[in-house]
Amino acid sequence: MIIAILCAPFVLDGCKASNSVKGGAIGAGSGAVIGGSIGQSYGNTALGAILGAAVGGTTGAIIGESMDKQAAELKDDLKGATVERVGEGIKITFDSGLMFGYDSYALNSTTKVNLQELSKILNKYSDTDILIEGHTDATGKEDYNMGLSRKRATAVFYYLETSGVKRGRMTSVGYGESQLLTNSDSDNRRVEVAIYANKKMRKLAEKNEIGQ
């Protein structure tokens with residue numbers, strides 16, 4: 001297991017294989033443990049959630065192919081967001097500087113357009129679970145920043161719900177200033193969304209694997 005954990009980052013960063021193949025390789029070595037370890041080492045819980053949900057093998061590769069299609073649509077339709085294929089899932093980073101006013105959790109008009117586009121794709125690919133994370137910079141008191149990050153994540157949660165995304169698919173959480181990306185305040189004011197296969201999608205992928 002130690003060897004698998006140490007090798008997993010190289011699977012992500014050093015291999016030139018497709019994303020679907022990467023997902024299979026990561027999940028093959030007890031995905032929940034490896035995913036949690038990678039998430040901690042990278043200081044990113046969205047990443048850990050995706051890798052922790054990996055199942056690996058041919059099933060993981062099939063899931064990865066579906067995520068490839070979804071990620072391509074997201075990259076075309078989402079403006080002001082970074083879409084990354086990771087393992088068997090997708091990580092989206094919204095710059096909160098574009099989403100919210102300073103010290104605010106009210107969604108602006110640009111944000112609403114982005115979330116409407118996101119909801120269309122999430123509803124099209126309905127066999128996924130969604131983690132919504134709020135983050136802040138380190139300006140001000142830590143407790144206040146934690147509360148602000150939670151309110152921002154919750155605002156995104158409810159807007160997606162009003163746009164037709166089922167509540168049961170989504171989880172929202174705030175991390176305040178605990179996962180800073182850089183020393184730049186604007187880089188740390190962000191919302192991240194992790195998309196990964198739910199139980200139904202994994203079962204469908206398993207059936208495809210058995211039928212081959």
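Please refer to the structure higher up on the page.
Residues numbered from 1 in each chain as written. Predicted model: local features only at pLDDT ≥ 70, side-chain atom pairs only at ≥ 80, totals over all residues. Heavy atoms only, no water.

### A few points about the pattern of salt bridges
One pass over the structure, following the stated rule, counts 9 salt bridges. In this structure, glutamate 192 and lysine 91 form a salt bridge, with 3.7 Å as the shortest nitrogen-oxygen distance. Separated by 101 residues along the polypeptide, glutamate 192 in strand β5 (residues 190–197) and lysine 91 in strand β2 (residues 89–95) bring together distant segments of the chain. Looking at lysine 91, the relative accessible area reads 8%, which means it is buried. A single salt-bridge network, built from bridges that share partners, covers Glu84, Lys91, Arg190 and Glu192. (Salt bridge = Lys/Arg side-chain N within 4 Å of Asp/Glu carboxyl O. Helix = DSSP H or I, 4+ residues; strand = E, 2+ residues; numbered from the N terminus. Buried < 20%, exposed > 50% of the residue type's maximum accessible area, 1.4 Å probe, protein only.)

### Concerning the packing of helix α5 (residues 57–77) against helix α7 (residues 109–124)
Two elements in contact, α5 and α7, have axes whose closest approach is 10 Å; the angle formed by their N-to-C orientations is 165 degrees. Taken together, the axes of α5 and α7 lie roughly antiparallel to each other. Between α5 and α7 lies a crossing of right-handed hand. Between α5 and α7, the residues in contact are Gln70, Glu73, Leu74 and Asp77 and Glu117, Leu118, Ile121, Leu122 and Lys124, respectively. For the contact of α5 with α7, the residue count by class is 4 nonpolar, 1 polar and 4 charged. (Axes fitted to C-alpha atoms, helices over the stretch in contact; angles between N-to-C directions. Parallel < 35°, antiparallel > 145°, perpendicular 65-115°, else oblique. Left-handed = near helix turned anticlockwise from the far one by under 90°. Contact = heavy atoms within 4.5 Å. Nonpolar A, V, L, I, M, F, W, Y, C, P; charged D, E, K, R; others polar.)

### Let's talk about the packing of aromatic side chains
Enumeration according to the criterion identifies 1 aromatic pair in this entry. Ring geometry for phenylalanine 157 versus tyrosine 158: centroids 5.4 Å apart, planes at 85 degrees, classification edge-to-face. Owing to a relative accessible area of 42%, tyrosine 158 belongs among the partly exposed residues under this scheme. (Phe/Tyr/Trp six-rings, centres within 6.5 Å; stacked < 30°, edge-to-face > 60°.)

### Structural notes on the sheet that holds β2
Read across the sheet, 5 strands follow the order β1-β2-β5-β3-β4 without closing on themselves; strand pairing throughout is mixed. In this open sheet, the two strands that pair with only one neighbour each are β1 (81–86) and β4 (170–174). With direction set aside, neighbouring strand axes in the sheet form an average angle of 15 degrees. Bridge count between β2 and β5: 6 bridges; the pairing is antiparallel. Following the sheet pairing, phenylalanine 94 is matched in β5 by valine 191. Set on the sheet, helix α4 (residues 45–52) makes contact with β1, β2, β3 (128–135) and β5; between it and β5 the angle comes to about 0 degrees. On the sheet, helix α8 (residues 142–162) packs against β3, β4 and β5 and is oriented at approximately 160 degrees with respect to β4. (Pairing = 2+ DSSP bridges.)

### Brief notes about the pairing of β4
Both β3 and β4 contribute to a ladder of 5 bridges, which runs parallel. Each residue of the ladder has a partner; that of glutamate 133, found in β4, is valine 173. With α8 bridging β3 and the parallel β4, this β-α-β connection has right-handed handedness. (Right-handed = clockwise from strand over helix to strand, strands pointing away.)

That is the geometry; function is a separate question.
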